[in-house]
Amino acid sequence: MIFEKLTQAAAKMQDQLESLSVSSYEHDFQWPAISYVNPSIFRRADLDIIDATEDRKLWMMHLCVYPHLNDPSPIYGFDIIAGPNKVTGAFHDFSPVDPNNHILQHFTEKVHSFIPSKPRELPEWARNIFSGSMVSAGNVRDPEELQTILDLANDNLDYFLHNIGQETENDYTEQHNWYAINQKKNPHTPRVMESLGVDPVTVRRYIDECLFPEI
């Protein structure tokens, strides 16, 4: 049941990205890892799905949408990891590039009423880049709680994609790189990947080139 919900939510998100992307390319890994591009809206949108439900009983998805470097809009992020009986971790945020950007207020208002049954405490690297309203949930077993998380991530993606694309004279390369640098400090990503049987060299290449590339 959990895997079915996750697959359906991922398909909705992929449809949203494909409807707005101008081009896309698939990275050279043994699982689907796709980057979408739209010169008018976003710099890149990375969607990665690892479906190991048959042999490892594990499903995970990573979605990150980066605005263009002259756009003060935040970075969209949604990550979820699940086994057959529970979601072990679900993380969703509009991570600030410009802390005064109006899109951040929408995110805060949208998620403020959701309180995870088991909040996940954030380490320092995460506090460096995530907003104060970030959704961080662990051990999600209740179907209604899971559906709420998926609906928030989906609805926020729709809002995000239709409200970014702001052009300024500023350059936010440093902020984008700071986001990537801190994300790469997450020890859970390589640990989970290697538990799925992916060799450490491929895991490192995947994280550096696909998940969180620096500019």
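Read on for a plain summary of the structure. In this text, all values refer to a predicted model and were calculated from it rather than measured experimentally. (Residues numbered from 1 in each chain as written. Predicted model: local features only at pLDDT ≥ 70, side-chain atom pairs only at ≥ 80, totals over all residues. Heavy atoms only, no water.)

## Details of the packing of helix H2 (residues 102-111) against helix H4 (residues 143-161)
One way to put it is that H2 packs onto H4 with a least axis distance of 11 Å and a crossing angle of 155°. As the angle between them shows, H2 and H4 are arranged roughly antiparallel. Pair H2 / H4 crosses with right-handed handedness. For the pair formed by H2 and H4, the contact residues are His-102, Ile-103, His-106, Phe-107, Lys-110 and Val-111 on the first element and Leu-152, Asp-155, Asn-156 and Tyr-159 on the second. (Axes fitted to C-alpha atoms, helices over the stretch in contact; angles between N-to-C directions. Helix = DSSP H or I, 4+ residues; strand = E, 2+ residues; numbered from the N terminus. Parallel < 35°, antiparallel > 145°, perpendicular 65-115°, else oblique. Left-handed = near helix turned anticlockwise from the far one by under 90°. Contact = heavy atoms within 4.5 Å.)

## Details of the pattern of salt bridges
The full count for this structure, using the stated rule, is five salt bridges. Residues Arg-204 and Asp-208 are paired through a salt bridge, measuring 3.3 Å at the closest nitrogen-oxygen approach. Here Arg-204 and its partner Asp-208 are both found in helix H7 (residues 200-211), four residues apart, which amounts to about one turn of the helix. You can call Arg-204 partly exposed: its relative accessible area is 35%. (Salt bridge = Lys/Arg side-chain N within 4 Å of Asp/Glu carboxyl O. Buried < 20%, exposed > 50% of the residue type's maximum accessible area, 1.4 Å probe, protein only.)

## A few points about helix H1 (residues 2-20)
The terminal C-alpha atoms of H1 lie 28 Å apart, and with 19 residues this matches the ideal 27 Å at 1.5 Å per residue to within 8%. Contacts from the buried residues of H1 go to strand S2 (33-38), strand S3 (42-52), strand S4 (58-66), strand S5 (75-82), strand S6 (87-95) and H4. (Expected span 1.5 Å × (residues − 1).)

## Quick look at the nonpolar core
Core analysis: the largest hydrophobic core is formed by 43 residues, its most contacted members being Met-61, Val-65, Tyr-76, Phe-78 and Ile-80. With nine residues, the top contributor of residues to this core is H4. Beyond its immediate sequence surroundings of up to four residues, Met-61 is in contact with Ala-10, Met-13, Leu-47, Asp-48, Ile-49, Phe-78, Asp-79 and Ile-80. Grouped together as the second largest cluster of nonpolar side chains are 30 residues, Met-60, Tyr-66, Ala-180 and Cys-210 included. (Core = buried A, V, L, I, M, F, W, Y, C linked by side-chain atoms within 4.5 Å.)

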